[in-house]
Amino acid sequence: MPELPEVETVRRGIESRVVGRKILDVEVGRERSVRRVGKEAVVHGLTGTTMVAARRRGKYILCDLDSGDAVMIHLRMSGRVLVEPTGTQRPAHTHVVLQLAPRDGLHEEMWFVDPRTFGEVVVYDPRLEAEVLPELAKLGPDPISDRFDGGVLAERLAGRRGAIKPLLLNQHVVAGVGNIYADEVLHRVGLRWSRTVDTLSRKKIDKLAFAIREILAEAIESGGSTLQDTQYVDVEGNVGSFQENHRVYGREGLGCLTCGKTSIRRVMVAGRSTAYCPRCQR
DNA sequence: AAACAAACCTGTGCGC
DNA sequence: TGCGCACAGGTTTGTT
């Protein structure tokens, strides 16, 4: 579900609503959500600590604790983070609850909610990051947090072959682009999902890198994309609005908003549904 | 090595 | 109304 813009929106919410508040108590209702290090490590690692920072690398949220430990939260397909007043009815699939020290007299909890349980919460010693979270070291550049331009992208694509879309989804190439934004980016630069990297000029790669930054930044500005199922909401429960700007994703059969002459088509590529305009994208 | 399918889960929407 | 199937924002693992 959530891609870089949604994850960044959640990170900002954690930064403003959770960072700086002591964690008084921790409940883990589902072992699977903390499978990487186990329930004990999460409960003991968080209880009594205070988050001092909330960072992000691609789709990974990384929070620093005043104990020196760190917390990694990955939402995968259906994870959500919510901050709600203590005592509020918790939704189904609320797997981890952090009781926060009251702020301005308000008692609140942070919930990790995740129906499909692909997501996870990990508490770890940052000195052991390479062993606990080996995937972090393999991530490509973050198009928002890191220096990212055509030169960087060309470097990441060097030596790789095949269709462009699966490469944009590869987190080792670029960290944070997912299925919606890959389709939107490719449409903006007029590239079809099937174009192979070896046919891309350096100038086109510059445009591609620029469009990645541009679209992700615009989406962050809009608070991310919330689809019909309203699965994605920020920590306050607000929906995003970037779906109103989608030009291909979820628009199968509708007229292309750019050329106005062809209808958007949808095919399966590398197991992911892929929307494109056959006229605008070559 | 790369391309693809399956796996991990639950919920929803659709056709019959 | 009910049932079975396809599919969903991600990522890893195993197989050709």
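A brief report on the enclosed structure follows. As the structure is a computational prediction, the values presented were derived from the model and not from experiment. (Residues numbered from 1 in each chain as written. Chains lettered and ligands numbered in written order. Predicted model: local features only at pLDDT ≥ 70, side-chain atom pairs only at ≥ 80, totals over all residues. Heavy atoms only, no water.)

## Points about the pattern of salt bridges
Here comes step 1: Counted by the stated rule, this structure contains 22 salt bridges.
Here comes step 2: A salt bridge links Asp146 to Arg57; its shortest N-O distance comes to 2.7 Å. Of the two residues, Asp146 sits in the loop between α4 (134-138) and α5 (150-157) while Arg57 sits in strand β2 (residues 51-57), which places them 89 residues apart along the sequence.
Here comes step 3: A relative accessible area of 25% means that Asp146 is categorised as partly exposed. (Salt bridge = Lys/Arg side-chain N within 4 Å of Asp/Glu carboxyl O. Helix = DSSP H or I, 4+ residues; strand = E, 2+ residues; numbered from the N terminus. Buried < 20%, exposed > 50% of the residue type's maximum accessible area, 1.4 Å probe, protein only.)

## Comments concerning the protein's contact with DNA strand B
Here comes step 1: By nearness alone, every residue bordering DNA strand B is listed as Arg30, Arg32, His93, Pro115, Arg116, Thr117, Phe118, Gly159, Arg161 and Gly162.
Here comes step 2: Among all atoms of DNA strand B positioned within 4 Å of the protein, those belonging to sugar or phosphate total 55%.
Here comes step 3: One nitrogen or oxygen atom from the side chain of His93 is found 2.7 Å from a phosphate oxygen belonging to DNA strand B.
Here comes step 4: One nitrogen or oxygen atom from the main chain of Pro115 is found 3.4 Å from a sugar or linking oxygen belonging to DNA strand B. (Near = heavy atom within 4 Å. Polar contact = N/O pair within 3.5 Å; in protein donor to acceptor, adjacent residues only side chain to side chain.)

## So, the packing of aromatic side chains
Here comes step 1: Under the counting rule described, the total for this entry stands at one aromatic pair.
Here comes step 2: Judged by centre distance (6.0 Å) and plane angle (35°), the rings of Tyr181 and Phe242 are tilted. Highlighted residues: Tyr181 in helix α7 (residues 179-188) and Phe242 in the loop between α8 (202-221) and β9 (265-269), separated in sequence by 61 residues.
Here comes step 3: The exposure class assigned to Phe242 is buried, which follows from its relative accessible area of 3%. (Phe/Tyr/Trp six-rings, centres within 6.5 Å; stacked < 30°, edge-to-face > 60°.)

## A short note on the protein's contact with DNA strand C
Here comes step 1: Around DNA strand C, a shell composed of 24 residues is seen, among which Met1, Lys59, Leu227, Asp229 and Arg272 lie nearest.
Here comes step 2: The protein-proximal atoms of DNA strand C, defined as those within 4 Å of the protein, are 53% sugar or phosphate.
Here comes step 3: Measuring from a base nitrogen of DNA strand C, one finds a backbone N or O atom of Ser225 at 3.5 Å.
Here comes step 4: Contacts to DNA strand C include Arg272, whose side-chain N or O atom sits 2.5 Å from a phosphate oxygen.

## Considerations on the sheet that holds strand β5 (residues 80-85)
Here comes step 1: Taking strand neighbours across the sheet as the criterion, the four strands line up as β1-β6-β7-β5 in an open arrangement whose pairing is antiparallel. The sheet is open, and its two borders are formed by β1 (23-28) and β5, each paired with just one other strand. Geometrically, the sheet is characterised by an average inter-axis angle of 20° between neighbouring strands, direction not taken into account.
Here comes step 2: Here helix α2 (residues 39-46) sits on the sheet and contacts β1 and β6 (94-103); the angle it forms with β1, its principal contact strand, is near 165°. (Pairing = 2+ DSSP bridges. Axes fitted to C-alpha atoms, helices over the stretch in contact; angles between N-to-C directions. Contact = heavy atoms within 4.5 Å.)

## Examining empty space enclosed by the protein
Here comes step 1: If you walk through the whole model with that rule in mind, you get one cavity of 30 Å³ or more.
Here comes step 2: Each pocket or cavity is described by its volume, and for the largest cavity that value is around 50 Å³.
Here comes step 3: Lining the largest cavity are Leu46, Met51, Val71, Ile73, Val96, Leu98, Met110, Phe112 and Val121.
Here comes step 4: For the lining of the largest cavity, the secondary structure elements donating two or more residues are β4 (70-74), β6 and β7 (106-113).
Here comes step 5: By residue class, the composition of the lining of the largest cavity is nine nonpolar, no polar and no charged. (1 Å grid on protein atoms, 1.4 Å probe; cavity = no way out; pocket = protein on both sides within 12 Å on 5 of 7 lines; lining within 4 Å. Points joined across faces, edges and corners; volume = space filled by probe spheres on them. Nonpolar A, V, L, I, M, F, W, Y, C, P; charged D, E, K, R; others polar.)

## Overview of unusual backbone geometry
Here comes step 1: Residue Asp104 is not a glycine yet carries a positive backbone phi of 50°.
Here comes step 2: Tracing the backbone through its elements, the reader meets Asp104 in the loop between β6 and β7.
Here comes step 3: Of the residues examined, Asp104 reaches a relative accessible area of 79% and is grouped as exposed.
Here comes step 4: Its identity is not glycine, yet Thr117 carries a phi of approximately 60°, on the positive side.

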